[in-house]
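This is what each chain is made of:
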Amino acid sequence: MASKSQARGTGKLTERDRFWLGHHEACQASGQTGKVYAKANRLSVHGFYQSAKRLRSLGALPPMATVAKRDAPARDTAVRFQKVGTLRAPVESPATRYRIRLPNGIQIEWAGPAEASELASVLRAVETAAR
């Protein structure tokens, strides 16, 4: 009885091809990915995949598996966008505290959110008071 390798037409394989074929069969039996198997066995990952390509072209390895298209739902290839609602600024925690120390020694502290306009008027008042 012929082995798996002989049944797949490996009569014209070089010694190097047989080396890689043994590793590909061991990888498949291990259930590991090619990358994991190659690294675990101290093989070149690139060499491992290149040998698979060569062995497939010689008929020693089966063609790459493909997903059955008939079972997959039909997809429309048109690009579509979904409208997103208005984005809001993140809600600040009421416990958030802020502190500004000015070079003249004045310090401003507050907790919670601050509107830019309110902060600007506070800073103008501090600037006026410092004069």
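Parameters and conventions
- Residues numbered from 1 in each chain as written.
- Predicted model: local features only at pLDDT ≥ 70, side-chain atom pairs only at ≥ 80, totals over all residues.
- Heavy atoms only, no water.
- Core = buried A, V, L, I, M, F, W, Y, C linked by side-chain atoms within 4.5 Å.
- Buried < 20%, exposed > 50% of the residue type's maximum accessible area, 1.4 Å probe, protein only.
- Contact = heavy atoms within 4.5 Å.
- Pairing = 2+ DSSP bridges.
- Helix = DSSP H or I, 4+ residues; strand = E, 2+ residues; numbered from the N terminus.
- Phe/Tyr/Trp six-rings, centres within 6.5 Å; stacked < 30°, edge-to-face > 60°.
- Expected span 1.5 Å × (residues − 1).
- Arc of directions from axis to C-beta.
- Salt bridge = Lys/Arg side-chain N within 4 Å of Asp/Glu carboxyl O.

Visitor: What am I meant to see in the nonpolar core here?
Guide: Most often, soluble globular proteins have nonpolar side chains that are buried together. Of all hydrophobic cores here, the largest spans 12 residues; its members are L13, W20, L21, C27, Y37, A38, L43, F48, A52, L55, A60 and L61. Setting aside chain neighbours within four positions, we find A38 in contact with L43, S44, V45 and F48.

Visitor: Just checking my understanding: could you explain the pairing of strand 1 (residues 97–101) for this structure?
Guide: The two faces of the sheet receive side chains in turn, since in a regular strand these alternate between them. Summarising the sheet, strand 1 and strand 2 (residues 107–111) pair through five bridges and their orientation is antiparallel. From the neighbouring strand, R99 faces strand 2, where its bridge partner is E109. The antiparallel pairing of strand 1 with strand 2 creates a hairpin that spans five residues between the two strands, and G105 there sits at a positive phi of about 95°.

Visitor: Please explain the environment of I100 as it appears in this structure.
Guide: Mapped onto the elements, I100 comes out in strand 1. Looking at I100, the relative accessible area reads 24%, which means it is partly exposed. For the pair I100 and L123, spaced 23 residues apart in sequence, the C-alpha separation works out to 9.8 Å. Setting aside residues no more than four positions away along its own chain, I100 makes contact with I106, Q107, I108, W110, L119 and L123.

Visitor: Looking at this structure, I do not really get the packing of aromatic side chains. What am I missing?
Guide: The relation between two aromatic rings is expressed through the spacing of the ring centres and the mutual angle of the planes. Under the criterion given, the structure shown has four aromatic pairs. Each ring, one from F19 and one from W20, has its centre 5.2 Å from the other, and the planes form 80°; the classification is edge-to-face. Centroid distance F48 to Y49: 5.7 Å. Interplanar angle 85°. Geometry classified as edge-to-face.

Visitor: Can you help me understand helix 2 (residues 15–30) in this one?
Guide: Structural remark: α-helix, 3.6 residues per turn; residues separated by three or four positions point the same way. With 16 residues, helix 2 ought to run about 22 Å at 1.5 Å a step, and its terminal C-alpha atoms sit 23 Å apart, in line with that. Of the positions making up helix 2, those classed as buried are D17, W20, L21, H23, H24 and C27. The arc enclosing the buried residues of helix 2, seen along the axis, measures out at 165°, which places them on a common side. Set apart from the buried face of helix 2 by more than 90 degrees, the exposed residues are E15 and A29. Of the residues flanking the end of helix 2, it is G31, one or two places downstream, whose phi is positive at about 80°.

Visitor: What exactly am I supposed to notice about unusual backbone geometry here?
Guide: Glycine aside, residues mostly have negative phi, and peptide bonds are mostly found in the trans state. The residue R42 is not glycine, and still its phi comes out positive at about 55°. Relative to the elements of secondary structure, R42 occurs in the loop between helix 3 (34–40) and helix 4 (45–58). For R42, a relative accessible area of 79% puts it in the exposed group.

Visitor: Explanation requested: the pattern of salt bridges in the structure shown.
Guide: Two side chains bearing opposite charge may form a pair once their charged atoms approach each other closely. Under the defined criterion, the tally for this structure stands at two salt bridges. Between D17 and R54 there is a salt bridge, and its shortest N-O distance comes to 2.8 Å. Taken together, the residues D17 in helix 2 and R54 in helix 4 connect sequence positions 37 residues apart. Looking at R54, the relative accessible area reads 40%, which means it is partly exposed. Between R99 and E109 there is a salt bridge, and its shortest N-O distance comes to 3.3 Å. You can see R99 sitting in strand 1 and its partner E109 sitting in strand 2, a full 10 residues away along the chain.

By themselves, these are just geometric observations and shouldn't be taken as functional.
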